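Each chain, letter by letter, is given below.
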Amino acid sequence: IFNAEVAGNFLDYWERLLVDNSQQTLAFRQRNAQGYAPVTLSDGTVIETYFQPSMKDKSKPKGEVPLSPWLSRVKQLMTEAAADGDSMIVGEVFYPGSPSVVQWMAELWDANPELYMFMTVSTPDALRGVSTKRRKGRPPLFTIASGREKEFADFITELLKLPESHAITHGKIVVIINKRTGKYTVIGGSDNLGAKASYGNDENGVIVTGNAKLAWFVFVNMFDINKHY
């Protein structure tokens, strides 16, 4: 992204991060929660930037917790897309915990059988406590990254664990496309798309809306990764 305002948001966060000196003070968190104004590019693309941590507490409490401004916005976009009826909601996550986009994907999938949805996740642990409906003739909602443990024919092993892992997923991405309404959204960044990161991690998140070319580009990548597993 080549834009002075967007770059300025990141620079401001990094400078505040340096001054904060790894303390994650309440003032630092409150400024992150305040956020930055959306930036509109010359072609109409809108870019939103978010930074963590942005909650009062430094660690996520047990049970139901309030969502950060970042996660509230992500959930809003996913919920609105599902209400449109003709949307595609796809993505890839590492291990976001709960609550997170994993739970919201499952809820939207169960409530909206007409939606085209899939999500690739890093490990079975990412789906702990999550169950979804199986739909006849359709792949399941979630696909778990897996590796080939032994060499087979011309295929080498695919290791899922360190130090030589190269089969695991580590994206934090959601793509929302609705061709009928012309709504295109790409959600990404370093944030794991779960509540835990909003409390204790120094992370960034970016939401890009209104850019069809980018949305299709990332969608194809998500599709490729999902079908690989």
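Residues numbered from 1 in each chain as written. Predicted model: local features only at pLDDT ≥ 70, side-chain atom pairs only at ≥ 80, totals over all residues. Heavy atoms only, no water.

### What about the packing of helix H1 (residues 4-20) against helix H2 (residues 26-34)?
In contact at an axis separation of 10 Å, H1 and H2 are set at 170° when each is read in the N-to-C sense. When the interaxial angle is binned, H1 and H2 end up roughly antiparallel. Counted together, Asp12, Tyr13, Arg16, Leu17 and Asp20 of H1 and Phe28, Arg31 and Asn32 of H2 form the full contact between these two elements. In terms of residue class, the contact of H1 with H2 is built from 3 nonpolar, 1 polar and 4 charged. (Axes fitted to C-alpha atoms, helices over the stretch in contact; angles between N-to-C directions. Helix = DSSP H or I, 4+ residues; strand = E, 2+ residues; numbered from the N terminus. Parallel < 35°, antiparallel > 145°, perpendicular 65-115°, else oblique. Contact = heavy atoms within 4.5 Å. Nonpolar A, V, L, I, M, F, W, Y, C, P; charged D, E, K, R; others polar.)

### Notes on unusual backbone geometry
A cis amide bond links Gln52 with the next residue in sequence, Pro53, at an omega value of 0°. Along the chain, Pro53 falls in the loop between strand E2 (46-51) and helix H3 (69-84). Cis geometry marks the peptide bond from Ser98 to Pro99; its omega dihedral reads -5°. When you line up the elements, Pro99 lands in the loop between strand E3 (88-93) and helix H4 (101-111). Unusually for a residue other than glycine, Gln24 sits at a positive phi of about 50°. By secondary structure assignment, the location of Gln24 is in the loop between H1 and H2. Of the residues examined, Gln24 reaches a relative accessible area of 12% and is grouped as buried. You will see that Ala153, though not glycine, has its phi angle at about 50°, which is positive. The class of Ala153 is exposed, set by a relative accessible area of 67%. (Buried < 20%, exposed > 50% of the residue type's maximum accessible area, 1.4 Å probe, protein only.)

### Overview of empty space enclosed by the protein
Inspection of every chain in the model, using the stated rule, returns 1 cavity of 30 Å³ or more. Within this model, the largest cavity holds a volume of roughly 30 Å³. In this structure, the largest cavity is lined by Asn32, Tyr50, Phe51, Gln52, Ser54, Pro69 and Trp70. Every element with two or more residues in the lining of the largest cavity is listed here: E2 and H3. (1 Å grid on protein atoms, 1.4 Å probe; cavity = no way out; pocket = protein on both sides within 12 Å on 5 of 7 lines; lining within 4 Å. Points joined across faces, edges and corners; volume = space filled by probe spheres on them.)

### Brief notes about the pairing of strand E7 (residues 183-189)
The element E7 is extensively covered by neighbouring structure, given that 5 of its 7 residues are classed as buried. Note that strand E6 (residues 173-178) and E7 share 5 bridges and pair antiparallel. Within E7, the position partnered with Asn178 by the bridge is Lys183. Count of turn residues in the E6/E7 antiparallel hairpin: 4 residues, of which Gly182 carries a positive phi of about 75°. Judged from the 5 bridges that link them, E7 and strand E8 (residues 204-209) form a sheet pairing that is antiparallel. Of the residues in E8, the one forming a bridge with Gly189 is Gly205. (Pairing = 2+ DSSP bridges.)

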